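Topology and contacts: notes
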Amino acid sequence: MIKLLIIDDHPLVIDGIKTMLKDESYLHIEAAAKTAKEALNILEAGIAVDIILLDINLPDMDGLRLCEIIRDMNKTVKILGLTYVNEAGIITQLIKKGANGYLLKNMEREELITAINQVMDGTIYLSKAANEKIIQQLQSLGLPQNNVPVLTRREKEILQLLSEGLTSQEIAGRLFLSSYTVDTHRKNMLQKFNVHNTQSLMNVVRELGIIA
Amino acid sequence: MSLKEKLTCRYPALFLFISLLAIKAVSQLPQAQMDSLARELVKAKEDSNKVQLLMTLGNEAGYTDLNKALEYALQGYELSKKIGYQKGIGNLAYLSGISYIDLGNYALADSFLSIAGQKFTELNIRRNIFKVYNARGNSDYRQGKYWNAADNLTKAAEGFDELKDTAYSLIAYQNLISVLGQINNHPKAVELGKKVLKIAEAGTDTLQIGYTLQALTSDLIHSGRYDEAWPYLQKLLTIAEKTLDNSLAAESFSAAGAYYYKTNDPVKATYYFQRSISRAEKLDDKYQLANHYHSLGQVLLQQKKMPGAKEYLLKAMQLAGEFNNKKAEYNTALSLSEYYEQTGDYPTGIKFLKTHLALKDSILNAETRNYSSYLETRYQTNKKENEILRLQKIQQQKDFAIKRRNTWLGIGIGLIAALISILYLLKRNYGHKQKLARQQSVLLEEKIKTIEKEQQISSLQSMINGQETERTRIAKDLHDGLGGIFSTVKMHYSTLQQDTPGIKENPLYKKTLDLINNASDELRKVAHNMMPEVLMKVGLLESLQDLANNISSGKLLKVTLQAFGMEKRLASSTEIMLYRIIQELVNNIIKHAYASEAIIQINREGNRLSLTIEDNGKGFDTREAEERRSMGMATVRSRVDYLNGKLTIDSRKDIGTTVMIDLLLNEN
């Protein structure tokens, strides 16, 4: 017998989940909570549950935060995040905060049952749509290889002219920019390469072979 | 006493902008002496002595008759040019410049002050260079460019300090105090004013003491510290009764009027405002007169003396308009709307209320623009300047902007409330599911567009703020309300398969399931565009990463995100604003640039934040783009304004476009 706690502020959703699980006799809905406070009361009262279906949009607390609190209280209970949104940033945060899986709320019956079973077996479950998002994010991660910052086209041009010994003002004239803009680009580059003056910047970029 | 001695024993005139008049160490010349100088002028030869004479006359006339002063100044300037007298060119250009300021012609004032500044720099007359800064501060102040004013005055004050010239630095500090008063930093102004008063009282210059007392009294009254103001006011009035300086007298009587107005003694207030008007009329300073007329009109209105109130308020309105005194126009419009309301002429009342609102917007917009131009000038002209001072000023400016914004919020809320009710009704009707969800977003966009246009009169800033709050709310309602129902429908529906064997084979079952899925996806998209959940819950960078991923996964445009110094989250309103700006700029790239790659880069160092968005697309002519500004770019601009930032678009045909936005954050 697997005991469930459903946390969702929408009574209809709780109802829907009950409907989906009515034929699975080994799954028992032990309790349902409509707010984070109710949920914490239930858990603090010592009502034992095996798996928590947690909606991350609750009226009284951010679901991500609640997930973290529950995980602090109880290391073994399984937590399956439920949300209506499918954004990679949210999914990764949820897993970081200790959830064992993530389901989109418009799941079908089979998916819910699969998810519960998988999570109870100790694996992480991500809904199919969520999986795609995560893979997308991994594929296009902004950070370039070797952690060498990417230079914008304007930055490269300014760097080139700096290396020829031109001042900000001269560069501004050459590129038809205001010297204020040139200087902002320069400052941005100093920060990117974590150096404090133009000379050190030139040394670093030469070392990295960015300019000759 | 020869003419030469006369010139050396007195300070050359330095005009104080609130009063328009010079402050000198010695008292003004009596009328008889003025007349004799004027006679001397008729006989004088065309040489540098005549230039000096014209300068003296111009300075002296500046106390009593501005048009006369300008006439002498211009005459002296022309003569100096004719005889090639370099110092004279500088001095008389300066005198012409300050006369034009007093007469409200800032463009001409600016050209003359530039000439003067250049001459003084060539001749290396440092004291006069700082006087030009002081005059520029005066001009900025009158045009409502308080940030530029503060900057110029600080330069003047510091310069005079460096020259150990207490008398002049006092004037510059006094002016700075007035600027502080304008940006409603009265406590700071009072603090500085008390210090300056101590220094002034150590000297013997009654005018100097008078001006200091006048500023201090006004600031105290503005801060509501009436008891504290009282002893200063008494001293001030003693000076005002005796002085020949019409401007000081007018301002002092006006301060007394304000004191009695605020302490509910309308009879005395009327008396003093009338006296301030009579002195200001002698001086013929129409800019200040508008303020005085308004004050009197307001007091009369308070006493229900309707004909008098109307007369003065209308006079004030007319002068304020003619002499470009925006603040007076703005205040007077409000008083006039009250007047017409009380006399039962509601349409005219509403007309003036609208004028009042329109001015509020233009004053606010002008301030935002001024601030941006100030940032640029400041950067170029004075890189070495002390960072702390700059940050302090920015802080004050933000406080100022926030105060302004708050007043506007009230007006924004009314319109937004209407918007909320429309959306609420729509949302209740969710039977139309997907179609409705789409319509809702279209309608919201439409509604926002319409309101944005209507609100060109009203404030853009409160609008943006309200928009985001509303978007957040709607997105949340969509998720929690409609989203929950969709999910439940799907849950029940998928359980049907289990309960009713064979239903899966029914094509209608499959079709309906697909439709439910579509509707649900559509709703999610709408809500996401409305306000990405990740932006609220996790942060700007993660939401931008999502944005970049979503676009890159389409394979047409590869978007790279780079961020430096962004470990800490920003204020959530700033994050939303930046997200919207980036979203719009990236959308522009997708729609118009035909680019294959784009970079979003954010650099934060302390409170400096720089945003760079670059593509390798077809580029465009920035001047052309300026002319046919797209709606999208206009929103970007207004959002950048909202953040007090500076937007630079740098585009080259067939190479690409670099958009850069710089701003100073108001957080720790």
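Residues numbered from 1 in each chain as written. Chains lettered and ligands numbered in written order. Predicted model: local features only at pLDDT ≥ 70, side-chain atom pairs only at ≥ 80, totals over all residues. Heavy atoms only, no water.

**Comments concerning the packing of aromatic side chains**
Residues and elements named next belong to chain B. Under the criterion given, the structure shown has 14 aromatic pairs over all chains. Relative to Tyr-259, the ring of Tyr-226 lies with its centre 6.5 Å away and its plane at 80°, an arrangement referred to as edge-to-face. Separated by 33 residues along the polypeptide, Tyr-226 in helix H12 (residues 226-242) and Tyr-259 in helix H13 (residues 246-262) bring together distant segments of the chain. If you follow Arg-142 out to its NZ or CZ, it ends over the ring of Tyr-287, 4.6 Å from the centre. Over the ring of Phe-352 we find Lys-351, and its NZ or CZ is 5.1 Å from the ring centre. (Phe/Tyr/Trp six-rings, centres within 6.5 Å; stacked < 30°, edge-to-face > 60°. Helix = DSSP H or I, 4+ residues; strand = E, 2+ residues; numbered from the N terminus. Lys NZ or Arg CZ within 6 Å of the ring centre and 35° of its normal.)

**A short note on the sheet that holds strand E1 (residues 2-7) of chain A**
Residues and elements named next belong to chain A. Reading across from one edge, E2-E1-E3-E4-E5-E6 is the order of the 6 strands in this open sheet, with parallel pairing throughout. Either end of the sheet is taken by a strand with one partner, and the two such strands are strand E2 (27-33) and strand E6 (125-126). The pairing of strand E4 (residues 78-83) with strand E5 (residues 101-104) spans 4 bridges and is classified as parallel. Looking at E5, one finds that Leu-80 is bridged to Gly-101. The sheet strands contacting helix H3 (residues 63-73) are E1, strand E3 (51-55) and E4, and the helix crosses E3 at an angle near 160°. Here helix H5 (residues 109-120) sits on the sheet in contact with E1, E2, E3, E4, E5 and E6, set at roughly 150° to E4. (Pairing = 2+ DSSP bridges. Contact = heavy atoms within 4.5 Å. Axes fitted to C-alpha atoms, helices over the stretch in contact; angles between N-to-C directions.)

**With respect to the interface of chain B and chain A**
In this complex, chain B contributes 64 residues to the contact, which on the side of chain A involves 55 residues. With both sides pooled, the region where chain B packs onto chain A buries about 5,200 Å², and carbon together with sulfur makes up 51% of that total. Taken together, the links from chain B to chain A amount to 4 salt bridges. Taken together, the connections running from chain B to chain A amount to 30 residue pairs in polar contact (both at pLDDT 80 or more). (Buried area = accessible area lost by both parts, 1.4 Å probe. Salt bridge = Lys/Arg side-chain N within 4 Å of Asp/Glu carboxyl O. Polar contact = N/O pair within 3.5 Å; in protein donor to acceptor, adjacent residues only side chain to side chain.)

**Looking at the packing of helix H16 (residues 306-322) of chain B against helix H17 (residues 326-342) of chain B**
All names here are of chain B. At their nearest, the axes of H16 and H17 sit 9 Å apart, and the two run at 150° to each other. Our classification of the angle between H16 and H17 gives roughly antiparallel. Seen from above, H16 lies across H17 with left-handed handedness. Here H16 contributes Met-306, Ala-309, Lys-310, Leu-313, Leu-314, Ala-316, Met-317, Ala-320 and Gly-321 to the contact with H17, which in turn contributes Ala-328, Glu-329, Thr-332, Ala-333, Ser-335, Leu-336, Tyr-339, Tyr-340 and Gln-342. Residue classes in the contact of H16 with H17 are distributed as 12 nonpolar, 4 polar and 2 charged. (Parallel < 35°, antiparallel > 145°, perpendicular 65-115°, else oblique. Left-handed = near helix turned anticlockwise from the far one by under 90°. Nonpolar A, V, L, I, M, F, W, Y, C, P; charged D, E, K, R; others polar.)

**Remarks on the pairing of strand E7 (residues 656-664) of chain B**
The side chains of a regular strand alternate, residue by residue, between the two faces of the sheet. Residue and element names in this part refer to chain B. In terms of burial, E7 is largely enclosed, as 9 of its 9 residues are buried. Side chains of E7 alternate between two faces, with Gly-656, Thr-658, Met-660, Asp-662 and Leu-664 and Thr-657, Val-659, Ile-661 and Leu-663 buried alike. In this sheet, E7 lies alongside strand E6 (residues 646-652) in antiparallel orientation, the contact comprising 7 bridges. From the neighbouring strand, Thr-648 faces E7, where its bridge partner is Met-660. Linking E6 to E7, which pair antiparallel, is a turn of 3 residues; within it Asp-654 sits at a positive phi near 65°. (Buried < 20%, exposed > 50% of the residue type's maximum accessible area, 1.4 Å probe, protein only.)

**Describing the sheet that holds E6 of chain B**
Strands pair in a sheet through their backbones, by hydrogen bonds, and they do so in one of two ways: parallel or antiparallel. With mixed pairing, 5 strands are arranged side by side in an open sheet as E3-E4-E5-E7-E6 (chain B). Two strands close off the open sheet at either side, each with one partner strand: strand E3 (558-564) and E6 of chain B. The mean inter-strand angle of the sheet, taken between neighbouring strand axes irrespective of direction, is 10°. Together, E3, strand E4 (597-605), strand E5 (608-615), E6 and E7 of chain B form the strand contacts of helix H9 (residues 179-192) of chain A, whose direction differs from that of E4 of chain B by roughly 80°.

**Comments concerning the confidence of the model for chain B**
Detailed conclusions should not be drawn from predicted coordinates in areas where pLDDT is low. Of all residues in chain B, 83% have pLDDT values of 70 or greater, and the mean over the chain is 80. Here residues 380-385 of chain B is a poorly scored stretch, pLDDT under 50, and it has 7 contacts once near neighbours within four places are set aside; other chains count. (pLDDT = per-residue confidence, 0-100.)

**What to know about the pairing of E5 of chain A**
Residues and elements named next belong to chain A. Of the two faces of E5, the one carrying Gly-101 and Leu-103 and the one carrying Tyr-102 and Leu-104 are both buried. Here E5 pairs with E6 via 2 bridges, running parallel. Within E6, the residue paired with Gly-101 across the bridge is Tyr-125. Between the parallel elements E5 and E6, the chain passes through H5 in a crossover that is left-handed. (Right-handed = clockwise from strand over helix to strand, strands pointing away.)

**Some points on the pattern of salt bridges**
For the structure shown, the criterion picks out 35 salt bridges over all chains. Its salt-bridge partner being Glu-157 of chain A, residue Arg-652 of chain B comes within 3.0 Å of it at the nearest N-O pair. Separated into two different chains, Arg-652 of chain B in strand E6 and Glu-157 of chain A in helix H7 (residues 153-163) make up a pair that spans both. Residue classification places Arg-652 of chain B among the partly exposed residues on the basis of a relative accessible area of 24%.

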